[in-house]
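Fold and geometry: a report
One-letter residues, chain by chain:
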Amino acid sequence: MKQRLTALALVVADYDEAIEWYTEALGFDLVEDTPLGGGKRWVVVEPPGDSGGCRLLLARATSEDQEAAIGNQTGGRVFLFLETDDFHADYARYLDAGVEFEEDAPREEAYGTVIVFRDLYGNKWDLIERRA
């Protein structure tokens, strides 16, 4: 048997602002935006160059409990790990786009170059370029 993760649901406050931020600030591709009725949509984004990898389903909060989880889906821990093959180019592009970083500068770890950033809702991400 073969299995793989194809998507992660990320609770957001608004579809359009989330699409704008992920596509403009991070440069993600909008894969799908399908109306499902009643104001609900199936919105999927993915990192550039990662067709077929794990995608994000941008899921608009529809209850108070879901709204309370926006930006804190993992209790303040790093939630998502974005690997790149050109750390310094992506880091510079994110700085220009106004992405909020948690650290003053990237750091070198045993596994590679990394820095923590926050998305528009406050979820923590690692931007990583792994060592060869």
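**Some details on the pattern of salt bridges**
Enumeration according to the criterion identifies nine salt bridges in this entry. For aspartate 16, the salt bridge identified is with arginine 41, shortest N-O distance 2.9 Å. One end of the pair, aspartate 16, is in helix H1 (residues 15-25); the other, arginine 41, is in strand S3 (residues 40-46), with 25 residues separating them in the sequence. Judged by its relative accessible area of 18%, arginine 41 falls in the buried class.

**Concerning the packing of aromatic side chains**
Here the structure, examined in full by the defined rule, presents nine aromatic pairs. An aromatic cluster is present here, built from Trp21, Tyr22, Phe28, Phe87, Tyr91, Tyr94, Phe101, Phe117 and Trp125 joined pairwise through their rings.

**Things to note about the environment of glycine 98**
Looking at the element boundaries, glycine 98 is found in the loop between helix H3 (87-96) and strand S6 (100-101). Taking the C-alpha atoms as reference points, glycine 98 and leucine 26, 72 residues apart in sequence, are found 10.0 Å from one another.

**With respect to the sheet that holds S3**
Reading across the sheet, the four strands line up as S1-S4-S3-S2 and stay open at both edges, with mixed pairing between neighbours. In this open sheet, the two strands that pair with only one neighbour each are strand S1 (7-12) and strand S2 (29-37). Neighbouring strand axes in the sheet, compared pairwise and without regard to direction, differ in orientation by 25 degrees on average. Note that S2 and S3 share seven bridges and pair antiparallel. Its bridge partner being in S3, aspartate 29 is matched across the sheet by glutamate 46.

**Here we look at the pairing of S3**
Most of S3 is tucked away: five of the seven residues are buried. The turn linking S2 back onto S3 is made up of two residues, and glycine 38 within it adopts a positive phi angle of 65 degrees. Bridge analysis of S3 against strand S4 (residues 55-60) gives three bridges, and the strand direction is antiparallel. Looking at S4, one finds that valine 43 is bridged to leucine 58.

**Quick word on a negative patch on the surface**
A cluster of acidic residues, Asp14, Glu17, Glu20 and Glu24, forms a negative patch at the surface. Counting through the fold element by element, aspartate 14 comes out in the loop between S1 and H1.

**Here we look at the nonpolar core**
Grouped together as the largest cluster of nonpolar side chains are 27 residues, with contacts concentrated most on Tyr22, Leu26, Leu56, Leu58, Phe117 and Trp125. Counting residues per element, the ones that place at least two in this core are S1, H1, S3, S4, strand S5 (78-83), H3, strand S8 (112-118) and strand S9 (124-130). In terms of residue count, the dominant contributor to this core is H1 (six residues). Once residues lying within four places of it in the same chain are set aside, the contact partners of tyrosine 22 are Leu10, Gly27, Phe28, Val45, Leu56, Leu58, Asp119, Leu120 and Trp125.

Conventions we followed
- Every chain is numbered independently, its residues counted from 1 as its sequence is written.
- Residues qualify for local features only when their pLDDT is at least 70, as the model is predicted, and side-chain atom pairs are given and counted only at 80 or more; totals for whole chains, interfaces and linings, by contrast, use all residues.
- To obtain the side-chain values, all non-hydrogen atoms of the structure were used and water was disregarded.
- For this document, the term salt bridge refers to a Lys or Arg side-chain nitrogen within 4 Å of an Asp or Glu carboxyl oxygen.
- Helix numbering and strand numbering both begin at the N terminus, where a helix is a DSSP run of H or I of at least 4 residues and a strand a DSSP run of E of at least 2.
- Buried, partly exposed and exposed residues are distinguished by accessible area as a fraction of the type maximum, computed with a 1.4 Å probe on protein chains only: under 20%, between the cut-offs, and over 50%, respectively.
- Two aromatic rings, drawn from Phe, Tyr or Trp (for Trp, its six-membered ring), form a pair once their centres lie within 6.5 Å of each other, and the interplanar angle then sorts them: stacked below 30 degrees, edge-to-face above 60, tilted otherwise.
- When DSSP finds two or more bridges between two strands, those strands count as paired.
- Axis angles are defined between N-to-C directions and span 0 to 180 degrees, where every axis is a line fitted to C-alpha atoms and, for a helix, only to the segment in contact.
- Residues qualify for a patch when their relative accessible area is over 30% and they have no salt bridge, like charges being joined within 9 Å and the nonpolar side chains of Val, Leu, Ile, Met, Phe, Trp and Tyr within 5 Å.
- Note that accessible areas follow from Shrake-Rupley with a 1.4 Å probe, and for residues the cover is restricted to the protein chains shown.
- The charged-residue count follows a simple rule in which Lys and Arg add positive charge and Asp and Glu add negative charge, with His and chain termini not counted at all.
- Charge coordinates come from a single atom per side chain, which is NZ of Lys, CZ of Arg, CG of Asp or CD of Glu.
- Residue types Ala, Val, Leu, Ile, Met, Phe, Trp, Tyr and Cys, when buried and joined through side-chain atoms within 4.5 Å, form a set referred to as a nonpolar core.
- Two residues form a contact once any of their heavy atoms are found within 4.5 Å.

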